[in-house]
Amino acid sequence: MLIWTLAWTPLANRVQELEILISEKNSLLVNLARIEALDPVLSNNTASLETQSLVVLVDETHRTHGLNGTLSRNQPDGENGIRVVFQATSFDRLINWLGTMEQSYGIKVESASFDGASESGVVTATFVLRRT
């Protein structure tokens, strides 16, 4: 009986507390989804990024993928395109960034050129990206 009181009761109480917290968090998520659906500013944030100029979009997104300081040139290429050059950058981070550009913003790679570096996993790359 003593073991039951000292060991099981606190565990059972903690489980109940956690279940209540989970319920509250789910309720908050539902309310947030409702607010987002009602607020045109929140729902237009994604649309504004999709219509933003490619120069600005590339500048903002490459930093979030750990590519800051490696973008050496970005130049518009026609109405819906941009030519970007990365120097001595991580190949893996670059590929992740390109995947995000395609999945999140509808920007595809039209052409790509890679040059290896003496360090493993590091490349110099030139891309022509095009918004579809």
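Residues numbered from 1 in each chain as written. Predicted model: local features only at pLDDT ≥ 70, side-chain atom pairs only at ≥ 80, totals over all residues. Heavy atoms only, no water.

**Thoughts on the environment of I82**
Residue placement: I82 occurs in strand β2 (residues 81–90). C-alpha of I82 to C-alpha of V128: the two residues are 46 residues apart in sequence and 5.6 Å apart in space. If we ignore the near neighbours within four places in the chain, the residues touching I82 are L54, V55, V58, N74, Q75, P76, D77, F127, V128 and L129. (Helix = DSSP H or I, 4+ residues; strand = E, 2+ residues; numbered from the N terminus. Contact = heavy atoms within 4.5 Å.)

**A word on the packing of helix α3 (residues 54–64) against helix α4 (residues 91–105)**
Remark: α3 packs on α4, axes separated minimally by 10 Å, with the N-to-C direction vectors making an angle of 125°. Judged on the interaxial angle alone, α4 and α3 are oblique. When you trace α3 past α4, the crossing you get is right-handed. Residues L57, V58, T61 and H62 of α3 lie in contact with α4, whose contacting residues are W97, M101 and Y105. Grouping the constituent residues of the contact of α3 with α4 by class yields 5 nonpolar, 2 polar and no charged. (Axes fitted to C-alpha atoms, helices over the stretch in contact; angles between N-to-C directions. Parallel < 35°, antiparallel > 145°, perpendicular 65-115°, else oblique. Left-handed = near helix turned anticlockwise from the far one by under 90°. Nonpolar A, V, L, I, M, F, W, Y, C, P; charged D, E, K, R; others polar.)

**Topic: the sheet that holds strand β4 (residues 122–131)**
Sheet architecture is open: 4 strands sit in the order β1-β2-β4-β3, paired in antiparallel fashion. If you trace the sheet from one side to the other, it starts and ends with β1 (71–76) and β3 (107–116), each paired once. Going from strand to strand, the sheet's axes swing by 15° on average, the running direction of each strand aside. For β3 and β4, the ladder comprises 9 bridges, and the chain directions are antiparallel. Note that in β4 the partner of A112 across the bridge is F127. (Pairing = 2+ DSSP bridges.)

**Some words on α4**
The terminal C-alpha atoms of α4 lie 21 Å apart, and with 15 residues this matches the ideal 21 Å at 1.5 Å per residue to within 8%. L94, W97, L98, M101 and Y105 are the residues of α4 that are buried. In an axial view of α4, the angular spread of the buried residues amounts to 100°, which keeps them on one side of the axis. In α4, those exposed residues whose orientation departs by more than 90 degrees from the buried face are D92 and Q103. Of the residues trailing α4, G106 is marked for its positive phi of about 70°. (Expected span 1.5 Å × (residues − 1). Buried < 20%, exposed > 50% of the residue type's maximum accessible area, 1.4 Å probe, protein only. Arc of directions from axis to C-beta.)

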